[in-house]
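# Summary of structural features
Chain residues, written in single-letter form:
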Amino acid sequence: TVHQFICRTDNYGVLVHDSHTGTTLSIDAPDATAIADNLKKRGWQLTHILTTHHHADHVEGNLELKEVFGCRIIGPEAEKDRIPGISQTVKGGDVIQLAKRPLTIYACPGHTLGHVAYHFADDYLLFAADTLFAMGCGRVFEGTPEQMYHSVNQFRDLQAYTSVYCGHEYTVANARFALSVEPNNRALVARAAEVMRLRDQGKMTCPSTIADELKTNPYLRCDSPEIRRILGMEGASDVEVFAELRQRKNTFS
């Protein structure tokens, strides 16, 4: 069972519960109080926090939750010194067992250098945090655009119906930018309208799916003739197109 909720301003809180083993995971810990309240409502006991990266809005609840629940905190080896209360480190390519299920770790340098994503392949669940958003990707703070391109595009080959859970509710802003660079993409136009409707009703727009992202996310569509034409980059490499898209998004309003 996956339960998602909004906390802080626009962070997604995500709890994953396995009824057979009692294992309950929090994907990051943006807000200890909100996470504890949602656990209590469902009668779940937190056993693990899966930390994706060191930014404060993803680790702020670590120590408080660990003190209350005695949970284990798993996080990226490359950022272990910046993740409060870390119990176990992982790196890209690792496969660990949680709730008697294989959990694959992806290295996702770009947003931060040590960012990781978590993939339960048997359950078609990807927790991408601030690497891959619905119709977007994270800002490149510590890595390079080339690193971020590879981090985002490594998910292209996952099963199309894999659910993609991300770190923030940024979908409206992402949709507006995507439309500015590919306005004649019918799937994008339809999805943007649906996203606007959901947010007008105060509803969440995530999770997405890999299939939806391949059809509507400009950072996964760097080979789109329309995007290349609008950017004036018909002869550029996919990485160059990606870098230009990310730079334009930084100043888009």
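Look above for the structure.
## Quick notes on the packing of aromatic side chains
Two aromatic rings, taken as a pair, are described by how far apart their centres are and by the angle between their planes. This model, assessed by the stated rule, comprises seven aromatic pairs. Look at Tyr 106 and Phe 155: their rings are 5.3 Å apart centre to centre, the planes differ by 70°, and that puts the pair in the edge-to-face class. With Tyr 106 in strand β8 (residues 101–107) and Phe 155 in the loop between α4 (145–153) and β13 (163–166), the pair connects residues that are 49 residues apart, well separated along the chain. Exposure remark for Tyr 106: the relative accessible area of 18% places this residue in the buried category. Ring geometry for Phe 177 against Phe 252: centres 5.3 Å apart, planes inclined by 75°, an arrangement best described as edge-to-face. With Phe 177 in helix α5 (residues 171–181) and Phe 252 in the segment after α9 (238–250), this residue pair connects regions lying 75 residues apart in the sequence. Phe 252 gets classed as partly exposed once you look at its relative accessible area, which sits at 34%. Here the aromatic residues Tyr 149, Tyr 219 and Phe 242 are joined through ring pairs into a cluster of three or more.

## Structural notes on the sheet that holds strand β2 (residues 11–17)
Sheet architecture is open: six strands sit in the order β1-β2-β3-β4-β5-β6, paired in mixed fashion. Since the sheet does not close on itself, it has two edges, and those belong to β1 (2–7) and β6 (88–90), each with one partner. On average, each strand axis in the sheet is tilted by 25° relative to the strand beside it, whichever way the strands run. Alignment of strand β3 (residues 24–27) against strand β4 (residues 48–50), held across three bridges, turns out to be parallel. Each bridged residue has a counterpart across the sheet, and for Leu 25 the counterpart in β4 is His 48. Packed onto the sheet, helix α1 (residues 32–42) meets β1, β2 and β3 and runs at close to 145° relative to β1.

## Overview of α5
Among the residues of α5, Thr 171, Val 172, Asn 174, Ala 175, Phe 177, Ala 178 and Val 181 are the ones counted as buried. For α5, the secondary structure elements touched by its buried residues are β11 (132–133), β12 (136–137), α6 (186–200), α7 (210–216), α8 (225–231) and α9.

## Remarks on the pattern of salt bridges
Counted by the stated rule, this structure contains twelve salt bridges. One salt bridge connects Asp 94 with Lys 91, and the closest N-O pair in it is separated by 3.4 Å. Ionic contacts of the salt-bridge type, sharing partners, join the residues Asp 18, Arg 101 and Asp 123 into one network.

## Quick word on the packing of α1 against helix α3 (residues 62–69)
α3 packs onto α1 with a crossing angle of 35° between their chain directions and a minimal axis gap of 9 Å. Residue-level inspection shows Ala 32, Thr 33, Ile 35, Ala 36 and Leu 39 of α1 in contact with α3, the latter providing Glu 64, Leu 65 and Phe 69. In terms of residue class, the contact of α1 with α3 is made up of six nonpolar, one polar and one charged.

## Examining the sheet that holds strand β7 (residues 95–98)
Spatial strand order, β7-β8-β9-β10-β13-β14: six strands in an open sheet with mixed pairing. Of all strands in the sheet, those bounded by a partner on one side alone are β7 and β14 (208–209). Two strands pair when backbone bridges link them, and β8 and strand β9 (residues 116–120) are joined in this way by four bridges, in the antiparallel orientation. Looking at the pairing, Ala 107 lines up with Val 116 of β9.

## Side note on the nonpolar core
Core analysis: the largest hydrophobic core is formed by 26 residues, its most contacted members being Leu 126, Val 152, Phe 155, Val 241, Phe 242 and Leu 245. Put simply, the parts of the chain that give this core at least two residues each are β10 (125–129), α4, α5, α8 and α9. Excluding its chain neighbours within four sequence positions, the residues that come into contact with Leu 245 are Phe 177, Val 181, Pro 218, Tyr 219, Cys 222, Ile 227 and Leu 231. In terms of nonpolar packing, the next biggest core, distinct from the first, is built from 22 residues, Val 116, Phe 133, Ala 134 and Cys 166 among them.

## Here's the deal with the side chain of Thr 23
Its place among the elements puts Thr 23 in the loop between β2 and β3. Classification of Thr 23 by relative accessible area gives buried; the value is 11%. Here Thr 21 takes part through its side chain, which lies 2.9 Å from a polar atom of the side chain of Thr 23. Excluding residues within four positions of it along the chain, Thr 23 makes contact with Val 16, His 17, Asp 18, Thr 47, His 48 and Ala 99.

Scoring rules and cut-offs
- Residues numbered from 1 in each chain as written.
- Predicted model: local features only at pLDDT ≥ 70, side-chain atom pairs only at ≥ 80, totals over all residues.
- Heavy atoms only, no water.
- Phe/Tyr/Trp six-rings, centres within 6.5 Å; stacked < 30°, edge-to-face > 60°.
- Helix = DSSP H or I, 4+ residues; strand = E, 2+ residues; numbered from the N terminus.
- Buried < 20%, exposed > 50% of the residue type's maximum accessible area, 1.4 Å probe, protein only.
- Pairing = 2+ DSSP bridges.
- Axes fitted to C-alpha atoms, helices over the stretch in contact; angles between N-to-C directions.
- Contact = heavy atoms within 4.5 Å.
- Salt bridge = Lys/Arg side-chain N within 4 Å of Asp/Glu carboxyl O.
- Nonpolar A, V, L, I, M, F, W, Y, C, P; charged D, E, K, R; others polar.
- Core = buried A, V, L, I, M, F, W, Y, C linked by side-chain atoms within 4.5 Å.
- Polar contact = N/O pair within 3.5 Å; in protein donor to acceptor, adjacent residues only side chain to side chain.

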